[in-house]
Amino acid sequence: METLESRAVPLDASAAALADAPARADAAPMSLSRVLTLLRLLAAQPAGLTLAQLCPMLGAPKTSVHALLRGLLSEGYVQRDGVMHRLGPQSFVLGAALVSARSLAAMAVPFLHAAQARSGETVVLAVIDRSARTLTYVEVAESQQLVRYSVPVGTTRPLYATSAGRVLLAHQDPAWLAEYLRTVELRPLTAKTLTDQRQLARVIKRTREQGWGSTLGEVTSDVAGFAAPVFEHDGRVDAAIIVAAPLDRGRAAAQRLTAAAQEAAAGLSKALGYAARHSPAPGKARETA
């Protein structure tokens, strides 16, 4: 695994010498640091700052700060109005995305760990990527058992073959879902992967009605998954919680693991401000393919 190590800089090195030495090995980290500092300065001053004001704040010469601003302007992270520089639209897009993903994952942690303690199995928070038509695991509370399901944060999965994916599909806009079902390629990942569009549509309908989804060996042949939807305050579903276990253990404890997923998802939904009219009662999970 690669690590980043900070390089020592002599205390008597001038700011100008550091800024004007792009060939040095520490030039890139210095530039990145200045970009982040510049964005933080602009974020603290909504009315904007001039080039002349930014230079002493950054401890850098005008030529270096101007070069940083030019690059940020071209990408939309900074905008200019006369001599004033302010945060641009891309800064807000990036900030909103980071806050949304990180705040959801951070809020989910206690619910994931409670479900892990209750179930004894690995519990995962998954979020949908509608443009890629996949889901991504953004937080994991791993089982402490010797034999367990283990998956790294950042892993992506197809929506059609996973318990969480089917839960997410079941709560999407009907037009988006219809287009997905019409165009998705149902590639078999194991011998049990569901590859029939009409059957998938029936499973998604049933998943919405019962309030949870399950798969047994459809993505990984020896893994069972049980998932429930996480509702935003407005009823939108962008995330799901999965309890995943080795196949035989999951099959034997399907009802208990389904209930653990539902309880965690309901708790997180409430924390997000969702007030459910009713919650489906935990049911016994069954194989869907």
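Bear in mind that the values here come from a model prediction, so they are computed numbers and not experimental data.

## Structural notes on the overall build of the protein chain
In step 1: Secondary structure summary: the protein chain contains 10 helices and eight strands in total.
In step 2: The 289 residues of the protein chain split such that 45% are buried.
In step 3: Partitioning the contacts of the protein chain with sequence separation of at least 6, the portion at a separation of at least 24 is 59%.

## Here's the deal with helix 4 (residues 62-75)
In step 1: The first and last C-alpha atoms of helix 4 sit 20 Å apart over 14 residues, in line with the 20 Å expected at 1.5 Å per residue.
In step 2: Along helix 4, the residues that are buried comprise S64, V65, L68, L69 and L72. Each buried residue of helix 4 lies within a common arc of 130 degrees when the element is viewed along its axis, so the set occupies one face. Seen from the buried face of helix 4, the exposed residues on the opposite side, beyond 90 degrees, are K62, T63 and S74.
In step 3: At the exit of helix 4 stands G76, carrying a positive phi of roughly 85 degrees.

## Focus: the pairing of strand 2 (residues 84-87)
Where a strand is regular, its side chains alternate between the two sheet faces.
In step 1: Pairing analysis gives four bridges linking strand 1 (residues 78-81) to strand 2, with the strands arranged antiparallel. For D81, the partnering residue across the bridge sits in strand 2 and is M84.
In step 2: Hairpin connection, strand 1 to strand 2: the antiparallel pair is bridged by two residues, and G82 has positive phi, about 70 degrees.

## Details of the side chain of T50
In step 1: Examined against the element boundaries, T50 turns out to sit in the loop between helix 2 (27-44) and helix 3 (51-58).
In step 2: A residue is classified by how much of its surface remains accessible, and T50, at 18% relative accessible area, is buried.
In step 3: With residues near it in sequence (within four places) discarded, T50 still touches V83, M84 and H85.

## A few points about the sheet that holds strand 5 (residues 156-158)
In step 1: Read from one edge to the other, the open sheet built from six strands follows the order 5-4-3-8-7-6, with strand pairing classed as antiparallel. Each end of this open sheet is capped by a strand with a single partner; those strands are strand 5 and strand 6 (213-216). In this sheet, adjacent strand axes meet at a mean angle of 30 degrees when their direction is disregarded.
In step 2: By the bridge criterion, three bridges tie strand 4 (residues 134-141) to strand 5 in an arrangement that is antiparallel.

## Considering the packing of aromatic side chains
In step 1: Applying the stated criterion to the full structure yields two aromatic pairs.
In step 2: Residues W176 and Y180 carry aromatic rings whose centres are separated by 5.6 Å and whose planes lie at 15 degrees to one another, so their mutual orientation is stacked. Of this pair, W176 and Y180 both sit in helix 7 (residues 174-183), separated by four residues, roughly a single helical turn.
In step 3: The exposure class of Y180 is buried, given its relative accessible area of 1%.
In step 4: A ring pair is formed by F231 and Y274, whose centres lie 4.6 Å apart and whose planes are at 15 degrees; its orientation type is stacked. Here Y274 lies in the segment after helix 10 (254-271) and F231 lies in strand 7 (residues 223-231), a separation of 43 residues in the sequence.

## Re the pattern of salt bridges
In step 1: Here the structure, examined in full by the defined rule, presents 10 salt bridges.
In step 2: A salt bridge links R148 to E142; the nearest nitrogen and oxygen atoms lie 2.6 Å apart.
In step 3: R236 serves as the salt-bridge partner of D234, at 2.9 Å between the closest nitrogen and oxygen.
In step 4: Residue classification places D234 among the partly exposed residues on the basis of a relative accessible area of 46%.
In step 5: Judged by its relative accessible area of 38%, R236 is partly exposed.
In step 6: In the salt-bridge network here, residues are joined through shared partners; they are R130, D234, R236 and D238.

## Concerning helix 10
In step 1: With 18 residues, helix 10 extends 26 Å from end C-alpha to end C-alpha; this agrees with the ideal 26 Å at 1.5 Å per step.
In step 2: Inspection of helix 10 places A254, L257, T258, A259, A260, A261, Q262, A264, A265, G267, L268 and S269 among the buried residues, and these make up the whole buried set.
In step 3: Trailing helix 10 by a residue or two, G273 shows a phi angle of about 100 degrees, which is positive.

## Digging into the nonpolar core
In step 1: Core analysis: the largest hydrophobic core is formed by 32 residues, its most contacted members being Y137 and I242.
In step 2: Taken together, the elements giving at least two residues each to this core come down to strand 3 (122-129), strand 4, helix 6 (163-170), helix 7, helix 8 (197-210), strand 7 and strand 8 (237-246).
In step 3: Counting residues per element, this core draws most heavily on helix 6, which supplies five residues.
In step 4: Y137 has contacts with V124, L125, A126, Y149, V151, P152, V153, G154, T155, R157 and I242, leaving out every residue within four places of it along the chain.
In step 5: Counting residues in each nonpolar core, the second largest holds 26 residues, with A239, L257, A261 and L268 among its members.

About the thresholds
- Residues numbered from 1 in each chain as written.
- Predicted model: local features only at pLDDT ≥ 70, side-chain atom pairs only at ≥ 80, totals over all residues.
- Heavy atoms only, no water.
- Helix = DSSP H or I, 4+ residues; strand = E, 2+ residues; numbered from the N terminus.
- Buried < 20%, exposed > 50% of the residue type's maximum accessible area, 1.4 Å probe, protein only.
- Contact = heavy atoms within 4.5 Å.
- Expected span 1.5 Å × (residues − 1).
- Arc of directions from axis to C-beta.
- Pairing = 2+ DSSP bridges.
- Axes fitted to C-alpha atoms, helices over the stretch in contact; angles between N-to-C directions.
- Phe/Tyr/Trp six-rings, centres within 6.5 Å; stacked < 30°, edge-to-face > 60°.
- Salt bridge = Lys/Arg side-chain N within 4 Å of Asp/Glu carboxyl O.
- Core = buried A, V, L, I, M, F, W, Y, C linked by side-chain atoms within 4.5 Å.

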